[in-house]
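# An overview of the molecular structure
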Number of protein chains: 2
Amino acid sequence: MKRYEQVVQTLAQRIEQGLYRVGDRLPSIRSLCHEQGVSVSTAQEAYRRLEEAGFAEARPRSGYYVLPRTTPSVLPRVSRPAQRPLDVSQWDQVLELVGGPPDEDEMLMLGRGIPDLGAATLRPLQRMLATLHRHVDVRGLNYDSLSGSRELRQQIARLATTSGCLLHPDDILVTTGCQEALSLSLRILTQPGDVVAVDSPSFYGTMQILKAQGLKALEIPTDPQTGISLEALELALEQWPIKAIQVTPTCNNPLGYTMSEARKRGLLALAQRFDVAIIEDDIYGDLSFTTPRPKTIKSFDDEGRILLCSSFSKTLVPGLRVGWMAPGRYRNQALHMKYVSTGASATLPQRAVAEFITQGHYERHLREMIRQYQRHRDILLGWVERYFPADTGVSYPQGGFLLWLELPGGIDCVRLNERLASERLWIAPGSLFSASGKYRHCLRLNYAAPLTAAIEAGIKRVGETVMAMRDEQAALAG
Amino acid sequence: MKRYEQVVQTLAQRIEQGLYRVGDRLPSIRSLCHEQGVSVSTAQEAYRRLEEAGFAEARPRSGYYVLPRTTPSVLPRVSRPAQRPLDVSQWDQVLELVGGPPDEDEMLMLGRGIPDLGAATLRPLQRMLATLHRHVDVRGLNYDSLSGSRELRQQIARLATTSGCLLHPDDILVTTGCQEALSLSLRILTQPGDVVAVDSPSFYGTMQILKAQGLKALEIPTDPQTGISLEALELALEQWPIKAIQVTPTCNNPLGYTMSEARKRGLLALAQRFDVAIIEDDIYGDLSFTTPRPKTIKSFDDEGRILLCSSFSKTLVPGLRVGWMAPGRYRNQALHMKYVSTGASATLPQRAVAEFITQGHYERHLREMIRQYQRHRDILLGWVERYFPADTGVSYPQGGFLLWLELPGGIDCVRLNERLASERLWIAPGSLFSASGKYRHCLRLNYAAPLTAAIEAGIKRVGETVMAMRDEQAALAG
Ligand SMILES: Cc1ncc(COP(=O)(O)O)c(C=O)c1O
Ligand SMILES: Cc1ncc(COP(=O)(O)O)c(C=O)c1O
């Protein structure tokens, strides 16, 4: 046994014995050298192996941390949606969510797609907004130029290099949130009646665009770790006249996976072979737990085939509605659609976000949030392990702040939510994420904001309610 | 001759002799009584008659003012657009405008649709925005509810009573500018290929929606004083499968007319008879020079047939992008379209506008602006009279801040603009306002902001350039 292997074994045993617990920081390289009497390179190799084996993970500028299990005990299954294009339904449920439950303030919303809005590193943004609004020149109150503030587009182009993209500011179009970017993209690419391939489960906002535009959703089986099935997609492309492929390949909502570079390239190759455009939703991409952040599919695209869509709704705040798109070869159509959809985007929020980024606050905020979200993921995973049935499937997010659970025994999460309502709890039922209301036995949880005792109590109650429902079902069946 | 008739005659003679000049305030009722030795009711009757005869007009809380001419010397002609549905073109010209000319800061933009952004009565809005952004709670940074802030919708409903509308806050949907309201309305009512009837000339933003959505524009002849021709519209409704009627009946952009209540009712009756929905753009309605402001068509509608669209872009500032719609019986579809188009609207601008209205600043600001715009209209009319060819057709705006000129002798305003560019001047060429580029001999001017010497010099140069072009044409022809 090599020296580093001995070190790996020692650390793994300690973890398994509970000496180091989930989320704990492991000894630094230096103290490991000291304790085990090994060289720096041996300690580094040991940690690399420990990481590979799924015991621990590196966090940028911080060290190695214990993961909750070597691999999550039960992953959600690969999805098996209907193998034909479907009309999208589920609007009533979405409306219940986005219309705002009448007493939202008193509800504990455990499943919304909202970042930590109380983060200290966001404060400079508020300061800038306040200053900008007080000392505003006439241009600040006026219509902005249609493609958006040049300063903001420059900053977005600069940030995009971290995802491997070389964008010119003129390649970018500022939008009213990522929602508008997605909506414009689909309007450019499709006509009513067309078929769009989507990863499944998929963000409900996108699904509802398909519904509104009279499009058919072809939901493609998706693996909770590797993403959309290229094999299934290829079959679908052979079989159906697909006009666009819509995916969220990095820090997926709701599954949390990031597709590997190889699979991203594979997806692009398919799109090229069948000459289809890809709408790449990267809204959570900057919140990846790996450094540097994963590359976008867009970064491999030299034909302008990809319409990259994003916003600052998850990385900063959603209420400003500052989003953007890089529509590739569809720039002219995108400009026109943007004009007729909402005209120029609001002026001052763009300036504030641009300044926030320019002054370095964005990258600082991201670093903090990534650390926090990763820590929170592990805590929430621990709670799920503790409070939910043992055979609950759980995603293992590579970024972002959303967890996906697959409940055993056919529990219906729409009914679960109804029961939780009386306790002022709300989870996002999985059916929101499918064209046809699949995934009723799944649910989404949010771990962005500080995980207070109230949230733990809420999660516990959700788990208890799930178990109670299971027992009732068993009693009925027996 | 009755006593009041004598008074009318006296005043009319003084005006015609130039004793009272255009824009002058006429004697108050009291001093008129004193001077002419008549009763208050006789003086009042005299002013009423003088107003009817087109010599003077009442301004709220201010008195009677001399109008520039009994009727404008030359009105633009009733438009005669093509009598069949057309695809909309002109996007390149619109893009030139909304994309922002590269050196806009150095251009004197004489034709944009922008209110006076330097008005003192706007300052409280900036103060509120600054305060709101500094002391923001988490909800202020979060997604708002989909239909918009309740406070804002309450205020909008309250204000709508002045236009004769009884709206419940739940009848209202906040949008990203009036542009989104119009866009959603057309998406609800039509499918690609459908025909939409529009007043003509018509706001280019609406025309471009038709283009983007693959709709055909049927431009209906429109009178510069009474609005869309009901006779022509009736013929069109008999002849074509029209899916929606799109009009701006109050303080029309670009013509400035307000349709009479009778004609508004007539329009509604036609829509009822042919069972067609009306999209009523009321964005300039609150800037009417009459008190109380004119009623909307919506106020006569008890079937929910009318989708009323508006925003605070012309009454306050456009850069906040706060608009709204009252979609009548189409509420559910409107909510869905709004969700997929941009999600919830930005949170804090809504709060700021709501507070601005609640505290009474909106009505104060309107009063100021109406006074200012009316004064500016008269001044600009004077300049046009002075600096343009005598046979130039000129609109006579009943509200808002836009003037429409019809040039004699087939002057092409796109070419005019090209010539003006070297002098850093820009007018809105009439071709923007037609599906097929009609009205090239027309142009739009703005009189919102203080009419400085620089603006007068600009208007003068435009007039001189027009005359030079006419002379060149005459020389070529001769
Ligand atoms: C994957 C995904 N795309 C798009 C959006 C919409 O983003 P925005 O709020 O910026 O419009 C969301 C928000 O929930 C999302 O999760
Ligand atoms: C008649 C009319 N409707 C709608 C709009 C668009 O308004 P907003 O800027 O609020 O989207 C304008 C703006 O120029 C307009 O003149």
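The structure reproduced in this document is the subject of the present report. Small disclaimer: the values here were computed from a predicted structure and weren't measured.

Of note, T248 of chain A is situated in the loop between β9 (242–247) and α11 (261–273). Excluding anything up to four places from it in sequence, T248 of chain A contacts D199, N253, Y257 and D281 of chain A.

So, on to the site of ligand 2. Inspection of the region around ligand 2 gives 14 residues, with Y143 of chain A together with N253, D281, S311 and S313 of chain B positioned closest. At ligand 2, the nearby residues belong to more than one chain, namely chains A and B. Contacts to ligand 2 include S311 of chain B, whose side-chain N or O atom sits 2.7 Å from an oxygen atom. The contact in question runs from an oxygen atom of ligand 2 to an N or O atom on the side chain of K314 of chain B, over 2.7 Å. In isolation ligand 2 offers 390 Å² of accessible surface; the protein chains occlude 97% of this area. Taken together, the residues that form the shell around ligand 2 break down as six nonpolar, five polar and three charged.

Chain B puts 61 residues into the contact, and the matching count from chain A is 62 residues. Between chain B and chain A, the buried area comes to about 5,000 Å², and carbon and sulfur atoms account for 61% of it. By the criterion of area lost to chain A, the three top residues of chain B are L141, Y143 and Y339 of chain B, representing 15% of everything that side buries. At the boundary of chain B and chain A, one finds zero salt bridges. Our enumeration of links across chain B and chain A arrives at 19 residue pairs in polar contact (both at pLDDT 80 or more). Listed by contribution, the elements that provide at least two residues to the side of chain B that touches chain A are α4 (91–98), α5 (123–134), α6 (138–141), α8 (177–189), α9 (204–212) and α12 (331–342) of chain B. The residue inventory of the side of chain B that touches chain A, partitioned by class, reads 27 nonpolar, 23 polar and 11 charged.

This part is about the packing of aromatic side chains. All chains considered together, the criterion is met by 18 aromatic pairs over all chains. Judged by centre distance (4.4 Å) and plane angle (5°), the rings of Y47 of chain A and Y64 of chain A are stacked. Of this pair, Y47 of chain A sits in helix α3 (residues 40–52) while Y64 of chain A sits in strand β2 (residues 63–66), placing them 17 residues apart in sequence. Y64 of chain A matches Y47 of chain A in its accessibility class, with the two residues each being buried. Ring geometry for F203 of chain B versus Y204 of chain B: centroids 5.0 Å apart, planes at 45°, classification tilted. Comparing F203 of chain B with Y204 of chain B shows no difference in burial state: the two are buried.

Let us now look at the site of ligand 1. The local shell around ligand 1 holds 14 residues, among which N253, D281, S311 and S313 of chain A together with Y143 of chain B are the closest. Lying at an intersection of chains, ligand 1 is approached by residues of chains A and B. At 2.6 Å, a side-chain N or O of S313 of chain A approaches an oxygen atom of ligand 1. Contact between ligand 1 and R321 of chain A: an oxygen atom at 2.9 Å from a side-chain N or O atom of the residue. Burial of ligand 1 by the surrounding chains reaches 96%, relative to a free accessible area of 400 Å².

It is worth spelling out the relation of the copies chain B and chain A at this point. Between chain B and chain A, which share one sequence, the superposing operator has a rotation angle of 179° and an axial displacement of 0.1 Å; the RMSD is 0.4 Å. Between the two chains, the operation in question is that of a two-fold axis. Nearest to the rotation axis, the C-alpha of A130 of chain B is located 2.1 Å from it, this being the minimum over chain B. Of the interface residues in chain B, 100% have counterparts in chain A that sit at the interface too, so the contact is made through matching surfaces.

Turning to the sheet that holds strand β14 (residues 402–406) of chain B, a few remarks are in order. Strand pairing in a sheet takes place through backbone hydrogen bonds and is either antiparallel or parallel in direction. All names here are of chain B. Pairing is antiparallel across the open sheet formed by four strands, whose spatial order is β13-β14-β17-β16. The open sheet is flanked by β13 (393–394) and β16 (428–429), the only strands paired with a single partner. By the bridge criterion, five bridges tie β14 to strand β17 (residues 442–446) in an arrangement that is antiparallel. Across the sheet, L402 pairs through a bridge with N446, a residue of β17.

Parameters at a glance
- Note that residues are indexed from 1 along each chain, following the sequence as it is written.
- Each chain gets a letter, beginning with A, and each ligand a number, beginning with 1, in the order they are written.
- Given that this is a predicted model, residues contribute local features only at a pLDDT of at least 70 and side-chain atom pairs are listed and counted only at 80 or more, while totals for whole chains, interfaces and linings are drawn from all residues.
- Neither water nor hydrogens contribute to the side-chain values; these are computed over all heavy atoms in the structure.
- Numbering of helices and strands runs from the N terminus; a helix is a DSSP stretch of H or I covering at least four residues, while a strand is a stretch of E covering at least two.
- The criterion used for residue contact is that any of the two residues' heavy atoms lie within 4.5 Å.
- Near residues are defined by distance, with any heavy atom within 4 Å of the molecule or strand qualifying the residue.
- Distance and chemistry together define a polar contact, namely a pair of N or O atoms within 3.5 Å, with one atom able to donate a hydrogen and the other to accept it when in protein, and with adjacent residues in sequence counting only for side-chain atoms on both sides.
- Where accessible areas are quoted, they stem from the Shrake-Rupley method and a 1.4 Å probe; at the residue level, only the protein chains shown are allowed to cover.
- Side-chain classes follow a simple rule in which Ala, Val, Leu, Ile, Met, Phe, Trp, Tyr, Cys and Pro form the nonpolar group, Asp, Glu, Lys and Arg form the charged group, and the remainder, Gly included, forms the polar group.
- Accessible area that two parts lose when put together, with a 1.4 Å probe and added across both, is what the buried area reports.
- Within this document, salt bridges are pairs made up of a side-chain nitrogen of Lys or Arg and a carboxyl oxygen of Asp or Glu, the two lying within 4 Å of each other.
- For Phe, Tyr and Trp, where Trp contributes only its six-membered ring, two rings pair if their centres lie within 6.5 Å, and the inter-plane angle classes them as stacked under 30 degrees, edge-to-face over 60, or tilted in between.
- Only protein chains enter the accessibility calculation, which uses a 1.4 Å probe; a residue is then buried when its area is under 20% of its type maximum, exposed when over 50%, and partly exposed in between.
- The atoms used to superpose the copies are C-alpha atoms, taken from residues with pLDDT of at least 70 in both, and the fit is least squares.
- Two strands qualify as a pair provided that DSSP identifies no fewer than 2 bridges between them.

Note that all results are geometric; they support no functional claim without further evidence.
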